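# Summary of structural features
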Amino acid sequence: MKEFFRWMIRPGILLVPLFFCLPAHAQEKMKPGKIDPADLKLTHCSFDSAADAMILGDIGYTHFEYDDQHGFMMIFDRLLRIKIFTKNGFSRANFSITLYKDGSDEEKITTLKGHTYNLENGKILEDKLD
């Protein structure tokens with residue numbers, strides 16, 4: 001019986017690192033500034049043909065940084081990609097961000113970037129938003 005558990009543990013140790021690598025590999029497809037032309041060529045949502053817009057991806061990443069002045073800070077990075085099919089879908093790109101504030105404890109937005117991408121004559125055109 002002990003030999004069986006020894007045999008089972010060895011493959012388990014090898015599989016654990018692979019398990020933790022899978023989510024990172026699955027999210028590798030969507031990166032800031034890297035646009036798949038196939039996403040721009042979409043004309044409708046495959047599971048709802050009447051949809052005005054579709055979320056192509058919404059990835060969040062949280063990590064902690066230490067600063068001598070502020071102590072530990074939680075940093076949250078988010079990459080949201082929306083494909084808009086019709087003019088009615090423009091409203092899907094509008095959203096609000098709720099921030100926490102309690103006395104001196106508060107959340108802040110330090111960087112916010114927005115871009116629009118369009119496909120014209122086979123080329124991807126990028127416009128940065130203010």
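Residues numbered from 1 in each chain as written. Predicted model: local features only at pLDDT ≥ 70, side-chain atom pairs only at ≥ 80, totals over all residues. Heavy atoms only, no water.

### Structural notes on the overall build of the protein chain
Our working rule: Labels follow the DSSP assignment, with helices taken as runs of H or I lasting at least four residues and strands as runs of E lasting at least two, numbered in each case from the N terminus. Note on contacts: a residue pair is in contact if any heavy atoms of the two residues lie within 4.5 Å. Note that accessible areas follow from Shrake-Rupley with a 1.4 Å probe, and for residues the cover is restricted to the protein chains shown.
Each helix and strand in the protein chain was counted, giving two helices and six strands. Along the chain direction, N to C, the helices and strands of the protein chain fall in the order α-α-β-β-β-β-β-β. The contacts of the protein chain with a sequence gap of at least 6 include a subset with a gap of at least 24, amounting to 45%. A total accessible area of about 11700 Å² is found for the protein chain, and carbon and sulfur atoms account for 57% of it.

### Points about the pattern of salt bridges
Put simply, the rule reads: For this document, the term salt bridge refers to a Lys or Arg side-chain nitrogen within 4 Å of an Asp or Glu carboxyl oxygen.
This structure, assessed with the given rule, holds three salt bridges. Residue Glu106 is joined to Lys101 by a salt bridge in which the shortest nitrogen-to-oxygen separation is 3.2 Å. Between Glu106 and Lys108 there is a salt bridge, and its shortest N-O distance comes to 3.9 Å. By sharing partners, the salt bridges in this structure join Lys101, Glu106 and Lys108 into a single network.

### Observations regarding the confidence of the model for the protein chain
The line we're drawing: The predictor rates its confidence in each residue with pLDDT, a number between 0 and 100.
Mean pLDDT for the protein chain: 80, with 78% of residues reaching 70 or above. For the protein chain, per-element mean pLDDT is lowest for helix α1 (residues 2-26), which scores 49, and highest for strand β1 (residues 53-67), which scores 92.

### What about the packing of aromatic side chains?
As a reminder of what qualifies: Ring pairs are drawn from Phe, Tyr and Trp, using the six-membered ring of Trp, whenever the two centres fall within 6.5 Å, and their geometry is named by plane angle: stacked under 30 degrees, edge-to-face over 60, tilted for the rest. To sit over a ring, a charge needs its Lys NZ or Arg CZ within 6 Å of the ring centre and within 35 degrees of the ring normal.
Inspection of the entire model under this criterion finds one aromatic pair. Seen from the ring of Phe95, Arg78 lies directly overhead, with NZ or CZ sitting 5.8 Å from the centre.

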